[in-house]
Amino acid sequence: MTQTGTSAGSETPAAGAEFTSLDPRTGEVVGSYPVHGAAQVNEAVARAARAAQWWAGLGFAGRRKRLRAWRKLLVKRIDRIAEVVTSETGKPADDARLELVLAVDHLAWAARNAQRVLGRRKVSAGVLMSNQSATLAYPPFGVVGVIGPWNYPVFTPMGSIAYALAAGNAVVFKPSEFTPGVGHALADTFAEALAGEGVGDASGAAGPDAAVAASGAGGAGGAGGASGASGADHPVLQVVTGFGETGAALCRSGVGKLAFTGSTATGRRVMAACAENLTPVLIECGGKDPLIVDADADLDAAADAAVWGGMSNAGQTCVGVERVYVVEPVADEFLRRVVTRAHALRPGGEPTADFGPMTMPAQVDVVAGQLRDALDKGAHALVGGTASVRPPYIEPVVLTDVPEDSTAITQETFGPLLTVNRVADTEEAITRANATAYGLGASVFSAKRGEEIAARLRCGMVAVNGVITFAGVPALPFGGVGDSGFGRIHGEDGLREFARAQAVTRQRFAPPIALMTFSRGARAMSRVMALVRALYGR
Ligand code: NDP
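As the structure is a computational prediction, the values presented were derived from the model and not from experiment. (Residues numbered from 1 in each chain as written. Predicted model: local features only at pLDDT ≥ 70, side-chain atom pairs only at ≥ 80, totals over all residues. Heavy atoms only, no water.)

A. Up close: the confidence of the model for the chain. Counting all residues, the mean pLDDT for the chain is 92, and 91% of those residues have values of 70 or more. Taken as a whole, residues 1-9 scores under 50 in pLDDT and shows 26 contacts with residues more than four places along the chain or in a different chain. Counted against residues more than four places away or in other chains, residues 198-229, with its pLDDT under 50, gives 76 contacts. (pLDDT = per-residue confidence, 0-100. Contact = heavy atoms within 4.5 Å.)

B. Quick look at the site of the ligand. Inspection of the region around the ligand gives 31 residues, with Glu177, Ser263, Cys285, Cys318 and Glu412 positioned closest. Within the backbone of Gly242, a nitrogen or oxygen atom sits 3.2 Å from an oxygen atom of the ligand. One of the backbone N or O atoms of Ala248 is found 3.4 Å from a nitrogen atom in the ligand. Protein burial of the ligand: of its 910 Å² of free accessible surface, 90% is covered by the chains. Contributions of two or more residues to the shell around the ligand are made by helix 7 (244-251), strand 8 (257-261) and helix 8 (264-275). Taken together, the residues of the shell around the ligand sort by class into 14 nonpolar, 12 polar and five charged. (Near = heavy atom within 4 Å. Polar contact = N/O pair within 3.5 Å; in protein donor to acceptor, adjacent residues only side chain to side chain. Areas by Shrake-Rupley, 256 points an atom, 1.4 Å probe, with all protein chains shown as cover. Helix = DSSP H or I, 4+ residues; strand = E, 2+ residues; numbered from the N terminus. Nonpolar A, V, L, I, M, F, W, Y, C, P; charged D, E, K, R; others polar.)

C. Region of interest: the pairing of strand 4 (residues 132-137). Across the six residues that make up strand 4, a large majority, six, are buried. Two elements, strand 3 (residues 121-123) and strand 4, share three bridges in a ladder whose sense is antiparallel. When the sheet's bridge partners are listed, Lys122 is paired in strand 4 with Thr135. Judged from the six bridges that link them, strand 4 and strand 20 (residues 502-507) form a sheet pairing that is antiparallel. (Buried < 20%, exposed > 50% of the residue type's maximum accessible area, 1.4 Å probe, protein only. Pairing = 2+ DSSP bridges.)

D. Spotlight on helix 13 (residues 426-434). Those residues of helix 13 not exposed but buried are Thr426, Ala429, Ile430 and Ala433. Down the axis of helix 13, the sector holding all buried residues measures 95 degrees, keeping them to one side. Where helix 13 is buried, its residues contact strand 10 (289-293), strand 11 (321-327), strand 16 (417-423) and helix 14 (450-455). (Arc of directions from axis to C-beta.)

E. How the structure looks around the pattern of salt bridges. Counting across every chain of the model gives 24 salt bridges. Note that Arg116 is salt-bridged to Glu492, the shortest N-O span being 2.8 Å. Pair noted here: Arg116 is in helix 4 (residues 93-118) and Glu492 is in helix 15 (residues 491-496), with a separation of 376 residues, a long-range link. Taking the relative accessible area as the measure of exposure, Arg116 reaches 47% and is therefore partly exposed. A salt bridge links Glu322 to Lys288; the nearest nitrogen and oxygen atoms lie 2.6 Å apart. Of this pair, Glu322 sits in strand 11 while Lys288 sits in the loop between strand 9 (281-284) and strand 10, and the two are 34 residues apart along the sequence. In terms of burial, Glu322 and Lys288 fall into one category: buried. When salt bridges with common partners are traced through the structure, they connect Asp300, Asp304, Glu333, Arg336, Arg337 and Arg341 into a single cluster. (Salt bridge = Lys/Arg side-chain N within 4 Å of Asp/Glu carboxyl O.)

F. Main features of the packing of helix 2 (residues 59-76) against helix 5 (residues 155-166). It is the contact of helix 2 with helix 5, at a shortest axis distance of 9 Å, that shows an interaxial angle of 145 degrees. Contacts from Phe60, Arg63, Leu67, Trp70 and Leu74 of helix 2 reach helix 5 at Met158, Ile161, Leu165 and Ala166. Among the residues forming the contact of helix 2 with helix 5, the class breakdown is eight nonpolar, no polar and one charged. (Axes fitted to C-alpha atoms, helices over the stretch in contact; angles between N-to-C directions.)

G. How the structure looks around the packing of helix 1 (residues 38-57) against helix 2. Contact geometry of helix 1 with helix 2 gives a least axis separation of 7 Å together with a crossing angle of 105 degrees. Here helix 1 is positioned roughly perpendicular relative to helix 2, judged by the angle of their axes. For the pair helix 1 and helix 2, contact is made by Trp54, Trp55, Ala56 and Gly57 and by Gly59, Arg63, Arg66 and Leu67, respectively. Among the residues making up the contact of helix 1 with helix 2, the classes are represented as four nonpolar, two polar and two charged. (Parallel < 35°, antiparallel > 145°, perpendicular 65-115°, else oblique.)

H. Local environment of the sheet that holds strand 8. Spatial ordering of the open sheet is given by 7-6-5-8-9-19, a layout of six strands whose pairing is mixed. Strands with a single pairing partner mark the edges of an open sheet, and in this sheet they are strand 7 (237-239) and strand 19 (485-486). Taken together, the three bridges between strand 6 (residues 170-174) and strand 7 define a ladder with parallel strand orientation. Its bridge partner lying in strand 7, Val171 is registered against Leu237. Most of the contacts of helix 5 go to strand 6, to which it runs at about 165 degrees, and overall it touches strand 5 (143-147), strand 6, strand 7, strand 8 and strand 9. Contacts from helix 7 reach strand 5, strand 6 and strand 8, with the element oriented near 155 degrees to strand 5.

As structure tokens, this is what we get:
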């Protein structure tokens, strides 16, 4: 059976059927993909478990070499992959290219730093265990399942995929039903890079993290080690396609860890499904990011950041600016600059458009509903209004005096609708910024107090005198609190997220005071008590 169209309005096709991805600008079919059911997902995970043995066995150096080859190929193919991104999301070509640029930078960092962060290292054994040598390493889980959204179909899942691979895991990736072609482009280039680099170069299971954990997916048995096989024989990065059911099957497949990026509502379902097997989860959900403008802020820079942060990618950015709080003394000046900039923006399907269409048709109604709710409750539209909603496009909308209980303030908008409210001072700005269940990112514009204000915001990342800049710094962790989820992609935390700590102690010489034995004796205990009183009792 072939089902034309995605879930956009049509009934979800069953496993074994096909579905199509559409160009949101035109409705034209971009590609056709199978709906994978639980059986196929489980098979993919079982294959991945075998590939994971080989991949982990390569060690950090072997993986670094292959990830470098993938990085080079992604750069070589950047325009071609960007075209796929544009055709499935509708975003302008340069925005698609920028996604790839950032993803490649993260891939390079993850590959370069994995050994330093995850490789076995010595730690102090402490006074009581001074006869021990203590070491710590972070071996991989085996297979990591990655479920991704459509809004940044390269950058966002790569935050999990690149770091999981660098840590030594194989990955089974379920892209959004709206961007399956992008998922395949990533997996295909990885396989091509592996085939080109890895032939006859399998280094066996002697790498530093060769003892890969069984993912639980059928026991990770099978091939084990490398024994002369080429990279092309090992499906280290696979894609499964379909709808929510396919993602749910991946949650239940017994992967070693599940990394989810998407909405908070789906995040809860993912956690519930993963709980059945006690599968650990990384949950990256939505946001309602604030931008605070202090009295001494550079107003041009702040207005530019507010408009770009709120409108780029048609506002479909998890760390996009949705709420601006500007202090009263500079509010008029700031708003004037915001309005001028927002008025100049034009959405469209051409490469030179400022931003593209709403990728997910259903989101148009969400944005329109929030706009109506805000206006009904007394908000004022400074740019655009209800007529700005022209599916599949939404023109820029800037609202002010937006009641704090309207849905445009309380719920994720995910559209080019920016709210700008005046506050008496930065104290009120901080209170309002924190008054949300979300806690993903934030921005602060202030000449003198940026970092001080940042420290008081309840969220995972803050850009001071900038917007979204933290996402482009590979060494910095990315993730949220509250309804925005937990766990971190990117940086050292992002590498550790895809590995399990393993502690090892090795006795170097017989203990001066033997404590962990039935032959301990009263004398040993009185000596250790004297030691502890001297060390910690004062
Ligand atoms: P969804 O939550 O709708 O979907 C996310 C992924 O989960 C998709 O691949 C989806 O598949 C899949 N899925 C749906 N139902 C289930 C299920 N029951 N079990 C397992 N997987 C399932 O989010 P969107 O794709 O609409 O993405 C937008 C959201 O993502 C926004 O809230 C945004 O803020 C957030 N986001 C967060 C980021 C972060 O880093 N914190 C970054 C980027 C986006 P299908 O599409 O086939 O239904």
